[in-house]
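Next come the chains, spelled out residue by residue.
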Amino acid sequence: MNETKESVDLVLDLMKLTFGKDVTTYYNGDPEVIPSFNLPAIIVVQLTDDTKEAQQGEDDVSDQIRIKVLRDKREDYSGDVIDPLDLTEKKIRDLIAGQEFVDGSRRYKAKTVKGALRNALLDGVDAIASNMIVQYGVNPRETLGDAENNAEWTSEGWVTFNIEYSVDTYR
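Everything quoted here is computed from the prediction, not taken from an experiment. (Residues numbered from 1 in each chain as written. Predicted model: local features only at pLDDT ≥ 70, side-chain atom pairs only at ≥ 80, totals over all residues. Heavy atoms only, no water.)

K.L.:
Any details on a nonpolar patch on the surface? Residues and values, ideally.
P.N.:
Taken together, the side chains of Tyr-77, Ile-82 and Leu-87 present a nonpolar region at the surface, about 260 Å² in accessible area. If you trace the backbone, Leu-87 turns up in the loop between strand S3 (58-72) and helix H2 (88-97). (Patch = residues over 30% accessible without salt bridge, like charges linked within 9 Å, V, L, I, M, F, W, Y side chains within 5 Å. Areas by Shrake-Rupley, 256 points an atom, 1.4 Å probe, with all protein chains shown as cover. Salt bridge = Lys/Arg side-chain N within 4 Å of Asp/Glu carboxyl O. Helix = DSSP H or I, 4+ residues; strand = E, 2+ residues; numbered from the N terminus.)

The following block contains the structure:
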């Protein structure tokens, strides 16, 4: 029997496959406070579940999912050389929606959230991300701090979208 994965698990697996070790930590649910050594991080949360009765013996379900991409804001003000044209917020935009030109056409880079969502085939999903809402510079959070217990902050980008699928209601 095939194991059915929840929407959050499907998206987490896709993010791990897309970014691999470029992201330090992947979270299923938002821990609110994150140790700085766990950054950069990707958090996947489910915001809503909209279930509607469909054909006899089925429900149509639409899960609203949010992917949060977090980076350490210290990258913008520590170190020997700081590039004012490549700050943390730009790096987050590049991870979420970075684009390239190929044969005169614009497309999402493969190692981006949007590129992965648009190009991935997820088993058991009828539709994914027919509409995406992206927010940048949201919810900077304090991390647990460094060895000297200095406060540190994140910069975040959020991608919110729906995953739609059907569920049999009979046994």
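K.L.:
Any chance you could break down the environment of Thr-24 for me, citing the residues and the numbers?
P.N.:
By the element assignment, Thr-24 lies in the loop between helix H1 (7-19) and strand S1 (25-28). When the C-alpha atoms of Thr-24 and Lys-111 are compared, they prove to be 15 Å apart, with 87 residues separating the residues in sequence. Those residues within four positions of Thr-24 in sequence are excluded, and the remaining contacts are Phe-37, Asn-38, Leu-39 and Pro-40. Among the polar contacts made by the side chain of Thr-24, one reaches the main-chain carbonyl oxygen of Leu-39 at a distance of 3.2 Å. (Contact = heavy atoms within 4.5 Å. Polar contact = N/O pair within 3.5 Å; in protein donor to acceptor, adjacent residues only side chain to side chain.)

K.L.:
Pulling in residues and values, what's your account of the nonpolar core?
P.N.:
Counting residues in hydrophobic clusters, the biggest one holds 27 residues, and the most contacted among them are Met-15, Ile-42, Ile-67, Val-113, Leu-117 and Phe-161. Contributing elements (two or more residues each) for this core: H1, strand S2 (41-53), S3, H2, helix H3 (113-119) and strand S8 (154-168). Per-element tally for this core: the top contributor is H1, with 7 residues. Excluding residues that lie within four positions of it along the chain, Val-113 makes contacts with Met-15, Phe-19, Ile-67, Val-69, Leu-95, Ile-96 and Val-159. In this structure, Ile-34, Leu-39, Ile-43 and Leu-70 belong to the second largest nonpolar core, which totals 7 residues. (Core = buried A, V, L, I, M, F, W, Y, C linked by side-chain atoms within 4.5 Å. Buried < 20%, exposed > 50% of the residue type's maximum accessible area, 1.4 Å probe, protein only.)

K.L.:
A description of the side chain of Asp-59 should follow, citing residues and the corresponding values.
P.N.:
Counting through the fold element by element, Asp-59 comes out in strand S3. The charged side chain of Asp-59 is buried without a salt bridge, its nearest counter-charge being Lys-52 at 11 Å. When residues no more than four places from it in sequence are discounted, the contact partners of Asp-59 are Thr-51, Lys-52, Glu-53, Ala-54, Tyr-165, Ser-166, Val-167 and Thr-169. (Lys, Arg positive; Asp, Glu negative; His and termini not counted.)

K.L.:
Now, about the pairing of S8: what can you tell me, with residues and values included?
P.N.:
When S3 meets S8, the two strands line up antiparallel, connected through 15 bridges. Across the sheet, Arg-66 pairs through a bridge with Thr-160, a residue of S8. Bridge count between strand S6 (residues 127-128) and S8: 2 bridges; the pairing is antiparallel. Within the sheet, the bridge partner assigned to Ile-128 lies in S8 and is Ile-163. (Pairing = 2+ DSSP bridges.)

K.L.:
Please provide a residue-by-residue account of the environment of Phe-19, values included.
P.N.:
Within the secondary structure, Phe-19 sits in helix H1. For Phe-19, a relative accessible area of 3% corresponds to the buried category.

K.L.:
Mind laying out H1, listing which residues take part and the relevant values?
P.N.:
Every α-helix winds through 3.6 residues per turn, so residues three or four apart in the chain are directed the same way. The terminal C-alpha atoms of H1, which comprises 13 residues, lie 18 Å apart, in line with the 18 Å expected from a rise of 1.5 Å per residue. Those residues of H1 lying buried are Ser-7, Val-8, Leu-10, Val-11, Leu-12, Leu-14, Met-15, Thr-18 and Phe-19. Taken together, the buried residues of H1 touch S1, S2, S3, H2, H3 and S8. Following H1 by one or two positions, Gly-20 adopts a phi angle in the positive range, close to 50°. (Expected span 1.5 Å × (residues − 1).)

K.L.:
Before we move on, can you summarise unusual backbone geometry with the specific residues and values?
P.N.:
Cis geometry is found at the peptide bond from Leu-39 to Pro-40, where omega equals 0°. Mapped onto the fold, Pro-40 is located in the loop between S1 and S2. For Glu-32, which is not glycine, the phi torsion reads 70° and is therefore positive. Relative to the helices and strands, Glu-32 is located in the loop between S1 and S2.

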